[in-house]
Amino acid sequence: MTKKRFVITGAPGTGKTSIIIKLEESKFFCFHEVIRTMTQEAKKNNGTKSMVSNPIVSVSDPYQFNTTILNARIQQFTDASIKKDDVLFYDRGIPDVLAYMDYFEQPYEDHFINECKKYIYDRIFIVPPWKEIYISDEERFESFEQAEEIHHHLLNTYNTLGYHCIEVPFGTIAERNDFILNNIA
């Protein structure tokens, strides 16, 4: 059976990680967001307990930072081939890199677009901004208004690449997971 790859994407603070955790509890294999790991490692290597802004604005080479994220997400995509699971979920997809580069008005070469076109997901679920649950934490620095703007960049990027994003409705984590699972059946 061929692998089915499903992306859970959305702006910061929309509940993506909670959805991914619930999917894992339901015994689905999920690839985690690479940027959280990178942020945690950067804090550890810099000897700081917290950061005050999105790491992209404080790195010395934003292009290299985004290339690292792109390559890590490509690695997740290719790592799926060795997983025994036929259904795989991703906390963000490769095109998210483009959306964030657009949001931060950072130029990128065709290579970034070509990689997004090379590695294709089966379905994209987008979790919309939800003011009632939005909080910031040590890896999330954006305001709610910025999260709304990022949401639009994500939609535009995925749509431009030919994907139809399925919006996950507001609800409990269980309700959101049921919605996703019903849409992959």
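The structure we're discussing is the one just above.
Presented here is an overview of the structure given in this document. Since this is a predicted model, take the numbers as computed values, not measurements.

**Let's talk about the overall build of the protein**
Reasoning step 1: Along the protein, the regular secondary structure elements total seven helices and five strands.
Reasoning step 2: Across the protein, helices and strands are ordered from the amino to the carboxyl terminus as β-α-β-α-α-β-α-α-β-α-β-α.
Reasoning step 3: The buried share among the 185 residues of the protein stands at 46%.
Reasoning step 4: The long-range share in the protein, meaning contacts at least 24 apart out of those at least 6 apart in sequence, stands at 78%.

**Description of the environment of F104**
Reasoning step 1: With respect to the helices and strands, F104 occurs in the loop between helix 4 (96–103) and helix 5 (110–118).
Reasoning step 2: Relative accessible area serves as the criterion here: at 23%, F104 is assigned to the partly exposed category.
Reasoning step 3: Residues F104 and P62, spaced 42 residues apart in sequence, show a C-alpha to C-alpha distance of 9.9 Å.

**Some points on the packing of helix 3 (residues 62–79) against helix 4**
Reasoning step 1: Closest axis-to-axis distance for the helix 3/helix 4 pair is 9 Å, and the angle between their directions is 160°. When the interaxial angle is binned, helix 3 and helix 4 end up roughly antiparallel. In this structure, the crossing between helix 3 and helix 4 has a hand that is right-handed. On helix 4, the residues that touch Y63, N66, I69, L70 and R73 of helix 3 are D96, V97 and M101.

**Re the pairing of strand 4 (residues 123–127)**
Reasoning step 1: With four of five residues buried, strand 4 is to be regarded as a mostly interior element.
Reasoning step 2: Relative to strand 4, strand 1 (residues 4–10) is paired through five bridges, and the arrangement is parallel. Along strand 4, the bridge assignment pairs V7 with I124.

**As for the environment of P128**
Reasoning step 1: Within the element layout of this structure, P128 appears in the loop between strand 4 and helix 6 (144–160).
Reasoning step 2: Judged by its relative accessible area of 7%, P128 is buried.
Reasoning step 3: Every residue in contact with P128, bar those within four places of it in the chain, is listed here: T14, H151, E167, V168, F170 and R176.

**Structural notes on helix 5**
Reasoning step 1: Burial in helix 5 covers these residues: F112, E115 and C116. Looking straight down helix 5, one finds its buried side chains confined to an arc of 100°; they lie on one side. Exposed positions of helix 5 whose direction lies more than 90 degrees from the buried face are D110, K117 and K118.
Reasoning step 2: Tucked into the core, helix 5 has its buried residues touching helix 3 and helix 4.

Conventions adopted
Residues numbered from 1 in each chain as written. Predicted model: local features only at pLDDT ≥ 70, side-chain atom pairs only at ≥ 80, totals over all residues. Heavy atoms only, no water. Helix = DSSP H or I, 4+ residues; strand = E, 2+ residues; numbered from the N terminus. Buried < 20%, exposed > 50% of the residue type's maximum accessible area, 1.4 Å probe, protein only. Contact = heavy atoms within 4.5 Å. Axes fitted to C-alpha atoms, helices over the stretch in contact; angles between N-to-C directions. Parallel < 35°, antiparallel > 145°, perpendicular 65-115°, else oblique. Left-handed = near helix turned anticlockwise from the far one by under 90°. Pairing = 2+ DSSP bridges. Arc of directions from axis to C-beta.

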